[in-house]
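Here are the chains, one letter per residue:
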Amino acid sequence: MRLSVYLTFLICLLTVATATAQTDSLNLPVYDYSSPQEYEIGAISVEGAFFAEQNAIIGVTGLSVGDKIRIPGPDIPRAIKNLWRLRLFTDVAIEQEKVIGDVIFLRLRVEERPRFLRHSYSGVKQGVHEDLNEVVNGYIVRGGIVTEDAKVNAAEGIREFFVEKGFLDATVAVEEIVDTSRANSVRLLFDVAKGNRVKIDEINFIGNEAISDKKLRKKMKETSQKGRLLKSSKFRPELYEEDQDAIIAFYNTLGYRDARILGDSIYRNENGELIIDVQLNEGNQYYFRNITWKGNSIYDDETLSQVLAIEKGDVFNEEELQSRLSFSQDNADVSSLYMDNGYLFFSVDPIEVAIDGDSIDLEMRIFEGPQATIDKVVINGNDRTHEHVIRREVFTRPGQKFSRSDIIRSQRQIIGLGYFNQETLGIDTPVNPDRGTVDIIYTVEEKPSDQLELSAGWGGRRGVIGTLGVTFNNFSLRNLFNKEAWHPLPQGDGQRLSLRAQTNGRFFQSYNASLTEPWLGGKRPTSLTVSAFYNKYDLGIESAPRKLIIQQAAVSFGTRLRWPDDNFVFRAGVNLQTLALDNWSQLFITDMGESVRTGNFNNFSFQFTLARSTATDPIFPKQGSNVELSVKLTPPYRALGLRSDDPEDLVDVEERFRYLEYHKWRLNADWYTPLTGKFVLKTQLKVGYLGAYDNAVGVSPFERFQLGGDGINNQQFQFAGVDIVSMRGYEIEELENNINPVTGQQGATPIFSKYTMELRYPLSLNPSSTIYVLAFAQAGNSWRSARDFNPFDLKRSAGFGARVFLPMFGTLGFDWGVGFDKDKTTTQNGNLSTFNIILGFEPE
């Protein structure tokens, strides 16, 4: 025992001696805390600072040359604490450099934290590096200080990035590596282990009795279990919470206003996939009972109740209630009733005054306020389009009573011009309550609207066909001779000028031009269109000519109607066309199998069109419709006594059709319906009928319809006396009614009908490149006479495609379709599908 005490004492003595020796060897000053001394700072130096400014470091300490400090004392510890607070250093010390009398010279010795120079990844593909860089740069920047917090946050940000992609087991490790290319710099290596994407195997609901699991799963737009069509089964926590809210919102629409999610369980099955159990409490279903109105003087209770359209006993639906009170899609709401009559300050507040069992009584408390008058109508952002072009389209005028419907209609009219970006169109309504006025401010953003067509295509035996065309959709004719208005062309007056030429040299030549003034005279929406074209086709040689020459001039007028509503437009036009055939053998065949090969034919006709358009956008309509009914009539020459009744004159085909007689009817209708998300459903109907006044003359071999193909020929031969209507999935020769039963030649028919459904999804609505994909189902057919017409005898097809609209080039895209009713024996190699290319325009 005594020996161990001696040894312990000896070790302590040696330790003290060793420490004293080390202190002496380092030559460190020793201060007596019982008798501190006062010194004047003679100088302060900094050692170890590579990035931080030395004067700034000295300033942070609070010490200055000439200051009096006590050593030992509070000044030095306070200065050290100030430096630590900067979080810039891993080590801080203040040392005595030397002492001369009562003047002390200090050295600030610091060791800076390393600076971030660059970073890299391992375990992930190059394709996601750019996205990960955005994550990392949100936590640490080049040249910044590398702290443990920054590294942890950056790694967690990367992990959350992959969790959002469905990699719930992702891990990220950070390695700090000294970078010798720059002093005190490091690079970070993020080692990512993504693991496998974790999918949702099951979503189960517990406690739901009124609504099935299947319906509830459909309401979860972003969280889906495996096997759901077009839906990803990855789990994303933030979106899962949104889907939970969507479930409760759905319950509320069905009257279950007390519905709640009590909790959920998320766990893994033996395959590592997720199973989600959601515990629900549906609560009771509620119904509307008594609805009363208070504060209304302009409209009586009965009128307001009719507009509200909610009856006693209807399921209580807060969403529907708010929609019927304000901002319904069809403007058939109580707010629209007032606001369309100038009551801009109108408001209505539904108050629950009683809840009796499952019934709810509401009192609609109304503030009508005064009528508001439009003071100013301001248009901003139109740097190319002249203001009067926009102003004439709007329905809001200074001095008029405020009308919300007029604003919505004005918005549609401005978008319909096609000159502005519909995504950024802004409408502001600043109010002056003291004066009872409101300003309407339309803010537009110009987009390219002109189109250039420059192409060359192989036409088989016809060789290469070149096309050059320009369309100026916002032309200014009055500034044509104003040099200052050419930027690069005079524009801004809303006129449309189109020039187009096609040729392959000898065989085919086509030249056409048109000019449209949409507001003739500038006071009313009365349009004037003047057009002309010249087409020449030459398939023969000098010894055996085969030619077709068509010339036409046309003029038409159009005006917007006020009845039944101002969405209707009426157009009337006159067309004068001549057709010269010289041993021509294509297309023109009568119902009796007579080929019209040679002769001069005159086609003088009047055309009348009634159209109604409520589509929201000419490029990618999301809602609304376009319906157009047209009739084209020639004079009934024989009935008017302008042609001979001699039967001998009807024997010769050339003489019989020298002056064409017909009446031609067309019905085109498109409907656009917004579906879930960005999906839009387009339904389309096209019907055409060509009739004759006199059975002795028969139906004209010209002006018929040819169904099938991609419609591209309609671009090359659109002025060849035949309307070519595309039919996806079928070539022209694959529709048997296009083949004349007498001659066996390919021809055109006097009757056709076509029905289309397209499901569209936009990938980009950018005005500079609108892109969308589509899936279609189509049915149609053509018939040689009214007796043969059968609306159920249709050729069916389905497929998919894509469209890209470029302002300078028009519509580009493709369609791939399968014809279900093809005759395999007549198709090429038994192929039931066709692939069509769209260049410059959307086929009819």
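Residues numbered from 1 in each chain as written. Predicted model: local features only at pLDDT ≥ 70, side-chain atom pairs only at ≥ 80, totals over all residues. Heavy atoms only, no water.

Caption draft 1: How the structure looks around the overall build of the protein chain. Across its full length, the protein chain carries 14 helices and 35 strands. When each of the 844 residues of the protein chain is scored for burial, the buried share is 43%. Looking at the protein chain alone, contacts between residues at least 24 apart form 60% of all its contacts between residues at least 6 apart. For the protein chain, the computed accessible surface area is about 43,600 Å², with 53% contributed by carbon and sulfur atoms. (Helix = DSSP H or I, 4+ residues; strand = E, 2+ residues; numbered from the N terminus. Buried < 20%, exposed > 50% of the residue type's maximum accessible area, 1.4 Å probe, protein only. Contact = heavy atoms within 4.5 Å. Areas by Shrake-Rupley, 256 points an atom, 1.4 Å probe, with all protein chains shown as cover.)

Caption draft 2: Fine view of the nonpolar core. In terms of nonpolar packing, the biggest core is built from 33 residues, with L548, L581, W584, F588, V596, F601 and F702 touching the most fellow members. Every element with two or more residues in this core is listed here: strand 22 (526-538), strand 23 (547-560), strand 24 (568-582), strand 29 (704-707) and strand 30 (722-725). Examining the composition of this core, we find that 3 residues originate from one element, strand 30, more than from any other. Discounting chain neighbours no more than four positions away, the residues touching F702 are L579, L581, F588, V596, F601, L660, L690 and G721. (Core = buried A, V, L, I, M, F, W, Y, C linked by side-chain atoms within 4.5 Å.)

Caption draft 3: Expanded view of helix 5 (residues 148-164). The terminal C-alpha atoms of helix 5 lie 24 Å apart, and with 17 residues this matches the ideal 24 Å at 1.5 Å per residue to within 8%. Residues A150, K151, A154, A155, G157, I158, F161, F162 and V163 constitute the buried set of helix 5. The elements touched by buried residues of helix 5 are strand 5 (115-122), helix 4 (129-137), strand 6 (171-179), strand 7 (185-193) and helix 7 (237-253). Among the residues trailing helix 5, G166 stands out with phi positive, at a value near 100°. (Expected span 1.5 Å × (residues − 1).)

Caption draft 4: Representation of the sheet that holds strand 2 (residues 68-71) within the structure. Taken in spatial order, the 4 strands of this open sheet run 2-1-4-3, and their pairing is mixed. The open sheet terminates on both sides in strands that have one partner only, identified here as strand 2 and strand 3 (89-100). Sheet twist, expressed as the average angle between the axes of neighbouring strands with direction ignored, equals 45°. Sheet topology note: the strand 1 (residues 37-47)/strand 2 ladder contains 4 bridges and is antiparallel. Within strand 2, the position partnered with Y39 by the bridge is I69. Strands in contact with helix 2 (residues 54-61) are strand 1, strand 3 and strand 4 (103-112); relative to strand 1, the strand with the most contacts, it is inclined by about 150°. (Pairing = 2+ DSSP bridges. Axes fitted to C-alpha atoms, helices over the stretch in contact; angles between N-to-C directions.)

Caption draft 5: Representation of a nonpolar patch on the surface in the model. A cluster of nonpolar residues, L520, V530, V555, F557, F570, V574, F606, F608 and L610, forms a patch on the protein surface that exposes about 670 Å² of accessible area. Those elements that place two or more of their residues in the nonpolar patch are strand 23, strand 24 and strand 25 (599-613). Among the elements that take part in the nonpolar patch, strand 25 stands out by supplying 3 residues, more than any other. Relative to the helices and strands, F606 is located in strand 25. (Patch = residues over 30% accessible without salt bridge, like charges linked within 9 Å, V, L, I, M, F, W, Y side chains within 5 Å. Salt bridge = Lys/Arg side-chain N within 4 Å of Asp/Glu carboxyl O.)

Caption draft 6: Expanded view of a negative patch on the surface. Where like charges cluster on the molecular surface, the negative patch consists of E160, E238, E241, E242 and D245. Broken down by element, the negative patch gets its largest block of residues, 4 residues, from helix 7. Within the secondary structure, E242 sits in helix 7. (Lys, Arg positive; Asp, Glu negative; His and termini not counted. Charge placed at Lys NZ, Arg CZ, Asp CG, Glu CD.)

Caption draft 7: Local environment of the sheet that holds strand 11 (residues 287-294). If you trace the 3 strands from one edge of the open sheet to the other, you get 11-13-12, paired in mixed fashion. In this open sheet, the two strands that pair with only one neighbour each are strand 11 and strand 12 (347-356). Neighbour-to-neighbour, the strand axes of the sheet open up by a mean angle of 25°, direction not taken into account. Where strand 11 lies against strand 13 (residues 359-367), 6 bridges are found, and the strand directions are parallel. In the strand pairing of strand 13, I291 is matched with L362. Helix 8 (residues 301-308) rests against strand 11 and strand 13 of the sheet, and its axis sits at about 140° to strand 11. Sheet strands in contact with helix 9 (residues 318-325) are strand 11, strand 12 and strand 13, and its direction is about 145° off that of strand 12.

Caption draft 8: Structural view of the pattern of salt bridges. A full pass over the atoms with the stated rule returns 42 salt bridges. K151 is the partner of E176 in a salt bridge, and the nearest nitrogen-oxygen pair spans 3.0 Å. Here the residue E176 occupies a position in strand 6, and K151 occupies one in helix 5, the gap between them amounting to 25 residues. Residue class for K151 comes out buried when judged on its relative accessible area of 12%. Each of E47, D91, E95, R107 and R109 takes part in a single network of salt bridges with overlapping partners.

Caption draft 9: How the structure looks around empty space enclosed by the protein. Summed over all chains, the structure comprises 2 cavities of 30 Å³ or more. The computed volume of the second largest cavity comes to approximately 80 Å³. In this structure, the second largest cavity is lined by N421, Q422, K447, D617, I619, F620, L765, P767 and T770. Split by residue class, the lining of the second largest cavity holds 4 nonpolar, 3 polar and 2 charged. (1 Å grid on protein atoms, 1.4 Å probe; cavity = no way out; pocket = protein on both sides within 12 Å on 5 of 7 lines; lining within 4 Å. Points joined across faces, edges and corners; volume = space filled by probe spheres on them. Nonpolar A, V, L, I, M, F, W, Y, C, P; charged D, E, K, R; others polar.)

Caption draft 10: Representation of the environment of M339 within the structure. As for its placement among the helices and strands, M339 is situated in helix 10 (residues 334-339). A relative accessible area of 12% places M339 in the buried class. Between the C-alpha atoms of M339 and S326, which are 13 residues apart in sequence, the distance is 10.0 Å. M339 has contacts with L344, F346, F402, S403 and R404, leaving out every residue within four places of it along the chain.

Caption draft 11: Layout of the packing of helix 4 against helix 5. Across the interface, helix 4 lies against helix 5 with an axial gap of 8 Å and an inter-helix angle of 140°. Classified by the interaxial angle, the pair formed by helix 4 and helix 5 is oblique. Considering the relative orientation of helix 4 and helix 5, their crossing is right-handed. Here D131, L132, V135 and V136 of helix 4 come into contact with helix 5, specifically with A154, G157, I158, F161 and F162. (Parallel < 35°, antiparallel > 145°, perpendicular 65-115°, else oblique. Left-handed = near helix turned anticlockwise from the far one by under 90°.)

Caption draft 12: Geometry of helix 8. What helix 8 keeps buried is the set L304, V307 and L308. Take helix 8 and look down its axis: the buried residues cluster within an arc of 100°, on one side only. More than 90 degrees from the buried face of helix 8, the exposed residues found are E302 and Q306. Tucked inside the fold, the buried residues of helix 8 contact strand 11, helix 9, helix 10 and strand 13. At the exit of helix 8 stands A309, carrying a positive phi of roughly 60°. (Arc of directions from axis to C-beta.)

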